[in-house]
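Report on the structure
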Amino acid sequence: MKTFGKMGAVLALTLSMAMLGACGNSNGGNTAATKAPAANGGTKTEAKEITLGFSQVGAESGWRSANTKSIQDSAKEAGYTLKFSDAQQKQENQIKALRSFIQQKVDVISFSPVVESGWDTVLKEAKAAGIPVVLTDRAVDSKDTSLYVTFLGSDFVEEGRKAGEWLSEQYKDASEDVNIVELQGTTGSAPANDRMSGFAEVIKGNPHLKVIASQTGDFTRAKGKEVMQAFLKANKDIDVLYAHNDDMALGAIQAIEAAGLKPGEDIKIISVDAVKDGMQAASEGKINFIVECNPLLGPQLMQVVQDVVDGKPVEARIVTEESTFTSEQAKEALPSRQY
Amino acid sequence: MSPFMKHHLFWPLCVLAALLLFNLCYSPDFFSITIHDGHLYGSLIDILNFGAPLILVAIGMTLVVATKGIDLSVGSIVAISGAIACLRISSGADQNSMGLILGSVLLAVLLSLVLGAWNGLLVSGAGIQPIIATLILMVAGRGIAQLITGGQIITVTSSNYAYIGSGSLAALPFSIFVVALVLMIALLLTRRTALGLFIESVGCNPAASSMSGIRAHWVILSVYVFCGVCAGIAGLLLSSNVSSADGNNAGLWYELDAILAVVIGGTSLNGGRFYLTGTVIGALIIQTLTTTIYMIGVPPEITLVVKAFVVLAVCLIQSDAFRAAIAARWKSRHYPAEKEMGRHVS
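Residues numbered from 1 in each chain as written. Chains lettered and ligands numbered in written order. Predicted model: local features only at pLDDT ≥ 70, side-chain atom pairs only at ≥ 80, totals over all residues. Heavy atoms only, no water.

Looking only at helices and strands, chain A features twelve helices and twelve strands. Counting the 339 residues in chain A, one finds 53% classified as buried. For chain A, long-range pairs separated by at least 24 residues make up 74% of all intrachain contacts whose partners lie at least 6 apart in sequence. When the accessible area of chain A is evaluated, it comes to approximately 14,900 Å², of which 54% is carbon and sulfur surface. (Helix = DSSP H or I, 4+ residues; strand = E, 2+ residues; numbered from the N terminus. Buried < 20%, exposed > 50% of the residue type's maximum accessible area, 1.4 Å probe, protein only. Contact = heavy atoms within 4.5 Å. Areas by Shrake-Rupley, 256 points an atom, 1.4 Å probe, with all protein chains shown as cover.)

So, about the interface of chain B and chain A. Of the residues lining the interface, 33 residues belong to chain B; the matching set on chain A comes to 35 residues. Here chain B meets chain A over a buried area of about 2,700 Å², counting both sides, of which 50% is carbon and sulfur. Linking chain B with chain A are one salt bridge, by the criterion used here. In this assembly, chain B and chain A are joined by eight residue pairs in polar contact (both at pLDDT 80 or more). (Buried area = accessible area lost by both parts, 1.4 Å probe. Salt bridge = Lys/Arg side-chain N within 4 Å of Asp/Glu carboxyl O. Polar contact = N/O pair within 3.5 Å; in protein donor to acceptor, adjacent residues only side chain to side chain.)

Another aspect to go through is the domain arrangement of chain B. By a frequent convention, interface size equals the accessible area lost on bringing the separate parts together. All names here are of chain B. Segmenting chain B into domains produces domain 1 (45-297) and domain 2 (303-346). Once you take the C-alpha centre of each, domain 1 and domain 2 turn out to be 36 Å apart. Taken together, the six residues of domain 1 in the interface contact seven residues of domain 2. Buried surface at the junction of domain 1 and domain 2, summed over both partners, amounts to about 650 Å²; 80% is from carbon and sulfur atoms. Looking at the side of domain 1 facing domain 2, the largest losses of area belong to I264, L289 and I293, adding up to 64% of the total buried there. Of all the secondary structure elements, the ones that give two or more residues to the side of domain 1 that touches domain 2 are α12 (254-264) and α13 (276-296). Broken down by class, the residue content of the side of domain 1 that touches domain 2 amounts to five nonpolar, one polar and no charged. (Domains from an automatic or database assignment. Nonpolar A, V, L, I, M, F, W, Y, C, P; charged D, E, K, R; others polar.)

Here it is, written out as structure tokens:
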């Protein structure tokens, strides 16, 4: 009974908040529509240029740097004022940044959440201030989807599945156990959670594929190397490494080489991202398979921002286009790689 | 209690031994060391190699703590030093040329010396509280490192540079020799000259030391400079180990690990007394703990909790008051009569 009461209270609170929020929104819409169409449609887009507040996760990998550059460049191209803030992988920094964007009354807030949970409060503040929020690259686990306009980014679960499918295909005739070790991304982040679950979902189909160790490498080279060295000591027979990004795979390759093994041959390596350094390693045959995760979201993001400001409807989920590379494909694609 | 148990290294060594033995139960060949293409290979070597940067930073931190100071900026100096060295090497035409690498290493060490001097001047010259004075560089330093790297991860392909952090000399990792050299210098300077005594006296009471003729300002300045240089060398080891410089993540939270190592080693944060060898053991305990967590496969979600519990246990074991309380409880339970007598006597 007690739990029911609590849940009821929470539900009522959420509902009332949602309604309040909805009221606020419709009011804003009404005034804009009836009283002064110029206030919304006219002055804002033409006379005053659009200010976009963007809070980035950090600069933890080459992928992220390419992502940042793409957003900065395309904002400049579109003629928007970009307020850029680097959260250095800390949620509290990011929440601070979002609050300061709200105070500065930017037109649109966009951010890549460091972790999935804990965003409701600050997102409600943004909503109360009438500032639309666009999520890029990473999602939040908030139940209330009205807190943000859209989520623009890759489908990490699908990336995990692609990695798993390639592996299943490689070992479909395996008669003995294939030992897999996994280097996870930052604990609690959407890409780490989703790439893990997508991969696990696919390899479940083959009972020989076994993940024998899984540990976080924080998406960095140094940690990837350190953890892989411990894996190599603790497990004598590793067949496959699945790393949630290229940088950890690159660190792990160094550890594998130091152990006197050949990366790509003695231990097959699957990785996600396809940044230049990763593609380089793939073309040398050190990484066997890379699932692309496209960081060049800038142009798409600017389009979404424009649509949101113009009041056009946007889809709730926009997926970026992505492919996969084997070693041979990486060799061909490497010269034209931008990041 | 035997004098052996009273030695300040007794409990840290016990903890380290316990951690290592715990690993042995988990993976029987934990202590096995084999030879792979001319260098030793095994978990113990890994611990030494990956622990090297932390030991270096902690050695510098020990002297700062001994003067009742604290240096929060070491993590940022680690990042800056790695970044500047990698940037210079990556822009060179021939990345393997010895001149370029030596120049870059020297530049990085010089820069960290300057950063250490900045900290020292703020503390001794301007009289700012150490925790605030070094907080400035801790925050700004990450920004400087990112400015240097341009927000990117700089990858270098120089095998000579990689040697510093991952090469091996006489079958042992080269980084161990670097640590040994710095430790020797620190030990010689502080225990074979009067400098160690000066540092301790400044840590006890800077005013009294000044009046008795010790140049307290210079002593404080020099320990911050030394700490900065140690952090700079650690940054070189770290960046060369992975052949890349990461302005954002290199040395992240190192200041906290280093302070922890210093405290585990028996140095008091109140200053006035320091144990360099204890610090080295402390840093090794932290690195062994990290390796243990990877080896036994603690789920990443609870890694930090496990770490926290072990650290708490280590600190409790080292606390005299706690040990006395436990011993008293045990005694009163097993020999109530003796306690009763003791109470009457006292």
